[in-house]
Amino acid sequence: GRQRRPSAMADPDSLHDESRHASPPPPPPRTTHLASSLTSAKSLIALQLVSRLITFSLNQALIRIASPKVFGTAAVQFDLVRDTILFLAREGVRAVVVRIPGESKVEERRDREWIEDDRVHNLINLPLGLGLAVAAGLLPLYLQSLPITTTSQPCFHAALGIYVSATLIELATEPFYLVAQLSSPVNTELRVQAEGTAIVIRAVVTVASLAAANERYALLAFAAGQMAYSLALQCRYAHAYWQYAALWRIPFRRTQ
């Protein structure tokens, strides 16, 4: 009978055609992780550029609307209080949480405990409490150090109270922010959306409030813009991670 041609003797040209039309192998995990990291880095750089441009444009508009004294009080004094509270209350916690060893810290399923590591669960609840303590200790010292010409401005104490309240609201958003940072992959898109939207809202509210208010309520206009920023940030993060709000009801757990 007629013998069949063995498969080992197949036509090299046909084998080359089949290999050429075959689907390429999937990228290795390291390459995928690198691409994700580059995308996150680009998004954060874009966020910083947009933030700086909007802040610069806002300051140029506010210089023409508000008096130099009011602008200096809001842009220097109030921002100093806000930045001091935020730095002392949350930066250390952020640095510690992201360095806790372990592959998976956030559990996405809702039918079980959503945080795996008790150390993470305890730490992400600290910023708001630390912020309250820092604000209680900082404000008396800050007010005593200010000259009477600054504290005697109309609505100064009310505007300062709104700034501090907005800062505490921003610290209440910190657990949601840390959940986004601990997710795999890191939810950079949410951070860009939340902060970008909040910056735009702050600019619009501040300029609109200053345009509508007279000189007596100028400091309150700046405070209203800052409060709008914190509320926008809180709403966006809470909308994304509302299923994790139970962390506020059980703030601390015993670690083993």
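Scroll up to find the structure this text is about.
Summarised in this report is the structure supplied together with it.

What counts and what doesn't
Going along each chain's sequence as written, the residues are numbered from 1 onward. Thresholds applied to this predicted model are a pLDDT of at least 70 for local features of residues and 80 or more for the giving and counting of side-chain atom pairs; totals over whole chains, interfaces and linings are not thresholded and use all residues. To obtain the side-chain values, all non-hydrogen atoms of the structure were included, while hydrogens and water were left out. By the criteria applied, helices consist of DSSP H or I runs no shorter than four residues and strands consist of E runs no shorter than two, each listed in order from the N terminus. Each residue is assigned to one of three classes by its accessible area relative to the maximum for its type, calculated with a 1.4 Å probe on protein chains only: buried under 20%, partly exposed between the two thresholds, exposed over 50%. Only heavy atoms enter the contact rule, under which two residues are in contact if any of them lie within 4.5 Å. Shrake-Rupley sampling with a 1.4 Å probe provides the accessible areas, and residues are treated as covered by the protein chains on show and by no other component. Interaxial angles span 0 to 180 degrees and are taken between N-to-C directions of axes, which are lines fitted to C-alpha atoms, for helices over the stretch in contact. These descriptions rest on fixed angle ranges, namely under 35 degrees for roughly parallel, over 145 for roughly antiparallel, 65 to 115 for roughly perpendicular, and the rest for oblique. Left-handed describes a crossing whose near helix is turned anticlockwise from the far helix through less than a right angle; right-handed describes the clockwise counterpart. Think of it as three bins: nonpolar holds Ala, Val, Leu, Ile, Met, Phe, Trp, Tyr, Cys and Pro, charged holds Asp, Glu, Lys and Arg, and polar takes everything else, Gly as well.

### Considering the overall build of the protein chain
Along the backbone of the protein chain there are 10 helices and zero strands. Taking all 256 residues of the protein chain together, the buried fraction comes to 37%. Pairs at least 24 apart in sequence give 80% of the contacts found in the protein chain among residues at least 6 apart. Taken as a whole, the protein chain presents about 15500 Å² of accessible surface, with 61% of it coming from carbon and sulfur.

### Let's talk about the packing of helix α5 (residues 126-145) against helix α7 (residues 156-172)
Remark: α5 packs on α7, axes separated minimally by 9 Å, with the N-to-C direction vectors making an angle of 160°. In terms of orientation, α5 and α7 fall into the roughly antiparallel class. Seen from above, α5 lies across α7 with right-handed handedness. Listed contacts from α7 to P127, L128, G131, L132, A135, L139, Y142 and L143 of α5 are F156, H157, L160, V164, L168, L171 and A172. Looking at the contact of α5 with α7, its residues break down into 13 nonpolar, two polar and no charged.

### Description of unusual backbone geometry
A positive phi angle, near 65°, is found at C155, a position not held by glycine. As for its position among the elements, C155 is in the loop between α6 (148-151) and α7.

By themselves, these figures tell us nothing about what the structure is for.
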